[in-house]
Amino acid sequence: MLNGVRGAMRSSCGLTGLAGLGRVGLARVHAAARKVKGGDGGEGEGRVVVVTSGKGGVGKTTTSASMAYRLAELGHKTVAIDFDIGLRNLDLHLGMERRVVFDFVNVLQGEAELRQALIKDRRNDNLYVLAASQTRDKTALTLEGVEKVINQLKQQFDYVLCDSPAGIESGAHHAMYFADEAIVCTNPELSSVRDSDKMIGLLASKSKRAADGREPIDAYLLITRYEPERVADANMLSVSDISEMLGIPLLGVIPNSEAVLTSTNLGQPVVMQDPNEVDCSGAFRDFVDRFLGKDIPLRFLEPKKKGFLSKLFS
Ligand SMILES: Nc1ncnc2c1ncn2[C@@H]1O[C@H](COP(=O)(O)OP(=O)(O)OP(=O)(O)O)[C@@H](O)[C@H]1O
Ligand SMILES: [Mg+2]
């Protein structure tokens, strides 16, 4: 099956870095700790991080919510911006939906000051959200407007996290344009890997850093909704397959888990759950620790051992 999957990738996707792709053991894939850098524009300036993917529905907003929450919990002043104009979601993931009075578009159109639109989390003093507008049209985003807001936020926050909408069109372009770093969320399926590959190309060529001829955006891979059982049955691309195909440092693997939906419904990012009970929470914590420069081994890559009873009935 996997050989078939790879064959299909080679012939139809035109992915970069596919030459010489072979069967790579999981043992050869390591998560990389991120190179920790300071702000680009000067001492004390925050980093702009885009959570992106290309393909829709792969877990960008889930990741943005958990990443922002955990960074804040670890003492980093963090603001998360929802770039999904028209389909606002991030406020829901963080349980702030009833507190949105002014949004990102209000600020861009001069109808509210930035400080009026920033919503402070009630659980965590270091966490703020700038919500997307639900009703307005997407042309409200302009590069000049977004740049102004991001520059202001960089002065006040350690991390400015931009939750990208799906696709590679205007919204996604605005979300990634001013980034210093990118988290590329990828599901273990062909269409997701292909779209991530496109996005990696855009990050390298169509960002402000590229336009200014500065160091490129550092792009990191986060594999989301991973199912080791299906990988073991050769029904899903493995971590090593995806890493080799995309060729950017791997920062984490998040298991597929029902806990994500339950947490979202409660307005609590899954990273808030007890990591000893919920693998997804542990995986997001490891990912954020690697993002902060810690060297931590990957977990949750092997199928769970079945107990006697479940073996009997499976
Ligand atoms: N690790 C996971 N395990 C199980 N379900 C998940 C996981 N991550 C995300 N999901 C589910 O996948 C769906 C899409 O998640 P999310 O909204 O975070 O994706 P997205 O990439 O932001 O989507 P969009 O492109 O529409 O903005 C949601 O129903 C979410 O609950
Ligand atoms: Mg989203």
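Note that this is a predicted model, so its numbers are computed, not measured.

Novice: Looking at this structure, I do not really get the site of ligand 1. What am I missing?
Specialist: Surveying the vicinity of ligand 1 reveals 17 residues, the closest of which are Gly 57, Lys 60, Thr 61, Thr 62 and Ser 257. Between ligand 1 and Arg 225, the relevant distance is 2.9 Å, taken from an oxygen atom to a side-chain nitrogen or oxygen of the residue. Protein contact buries 80% of the 630 Å² of open area that ligand 1 shows by itself. Elements with a minimum of two residues in the shell around ligand 1: helix 2 (60–73), strand 8 (250–255) and helix 12 (258–266). Residue contributions to the shell around ligand 1 peak at three residues, all from helix 2. Along the lines of polarity and charge, the residues of the shell around ligand 1 split into seven nonpolar, seven polar and three charged.

Novice: Which parts of the structure should I look at to understand the sheet that holds strand 5 (residues 159–163)?
Specialist: Hydrogen bonds along the backbone pair up the strands of a sheet, which may run parallel or antiparallel. Spatially, 3-4-2-5-1-6-7-8 is the arrangement adopted by the eight strands of the open sheet, whose pairing is mixed. Taken across any chain shown, the strands that pair with only one partner, and hence form the sheet edges, are strand 3 (118–120) and strand 8. Averaged over all pairs of adjacent strands, the angle between strand axes in this sheet comes to 20°, irrespective of strand direction. The sheet contact formed by strand 6 (residues 181–186) and strand 7 (residues 218–226) spans six bridges and is parallel. Each bridged residue has a counterpart across the sheet, and for Val 184 the counterpart in strand 7 is Leu 221.

Novice: Would you take a moment to explain helix 12 for this structure?
Specialist: Three or four residues apart is the spacing at which side chains of an α-helix point the same way, because the helix has 3.6 residues per turn. Ala 259, Val 260 and Ser 263 are the residues of helix 12 that are buried. The arc enclosing the buried residues of helix 12, seen along the axis, measures out at 105°, which places them on a common side. Relative to its buried face, helix 12 has exposed residues pointing more than 90 degrees away, namely Glu 258, Leu 261 and Asn 265. If you follow the buried residues of helix 12, they end up packed against helix 2 and helix 13 (279–291).

Novice: How do you make sense of helix 6 (residues 143–156) when you look at a structure like this?
Specialist: For helix 6, spanning 14 residues, the distance from its first C-alpha to its last is 20 Å, which sits close to the expected 20 Å at 1.5 Å a residue. Among all positions in helix 6, only Gly 145, Val 146, Val 149, Ile 150, Leu 153 and Lys 154 are buried. In a view along the axis of helix 6, the buried residues occupy a sector of 165°, so they form one face of it. Along helix 6, the residues that are exposed and aim more than 90 degrees away from the buried face are Glu 144, Lys 148 and Gln 155.

Novice: So what exactly am I meant to see when it comes to the UniProt feature "binding site: ATP" (unreviewed entry) in the protein here?
Specialist: Those residues carrying the UniProt feature "binding site: ATP" (unreviewed entry) are Lys 55, Gly 56, Gly 57, Val 58, Gly 59, Lys 60, Thr 61 and Thr 62 in this numbering. Within the fold, Gly 56 resides in the loop between strand 1 (47–52) and helix 2. Take Val 58: it is sitting in the loop between strand 1 and helix 2. The contact partners of Val 58, leaving out residues within four places of it in the chain, are Ser 53, Cys 185, Asn 187, Ser 192, Thr 224 and Arg 225.

Novice: Which parts of the structure should I look at to understand the pairing of strand 4 (residues 127–130)?
Specialist: The side chains of a regular strand alternate between both faces of the sheet. Side chains Leu 127 and Val 129 project from strand 4 onto one buried face, and the interleaved Tyr 128 and Leu 130 project onto a second face that is buried too. The pairing of strand 2 (residues 78–82) with strand 4 spans four bridges and is parallel. Bridge assignment links Ile 81 to a residue of strand 4, and that residue is Leu 130. With three bridges joining them, strand 3 and strand 4 adopt antiparallel strand pairing. Directly across from Leu 118, in strand 4, lies its bridge partner Leu 130. What sits between strand 3 and strand 4 in their antiparallel hairpin is a turn of six residues.

The rules behind these values
- Residues numbered from 1 in each chain as written.
- Chains lettered and ligands numbered in written order.
- Predicted model: local features only at pLDDT ≥ 70, side-chain atom pairs only at ≥ 80, totals over all residues.
- Heavy atoms only, no water.
- Near = heavy atom within 4 Å.
- Polar contact = N/O pair within 3.5 Å; in protein donor to acceptor, adjacent residues only side chain to side chain.
- Areas by Shrake-Rupley, 256 points an atom, 1.4 Å probe, with all protein chains shown as cover.
- Helix = DSSP H or I, 4+ residues; strand = E, 2+ residues; numbered from the N terminus.
- Nonpolar A, V, L, I, M, F, W, Y, C, P; charged D, E, K, R; others polar.
- Pairing = 2+ DSSP bridges.
- Axes fitted to C-alpha atoms, helices over the stretch in contact; angles between N-to-C directions.
- Buried < 20%, exposed > 50% of the residue type's maximum accessible area, 1.4 Å probe, protein only.
- Arc of directions from axis to C-beta.
- Contact = heavy atoms within 4.5 Å.
- Expected span 1.5 Å × (residues − 1).
- UniProt positions renumbered as here; feature names shortened; annotations may be inferred.

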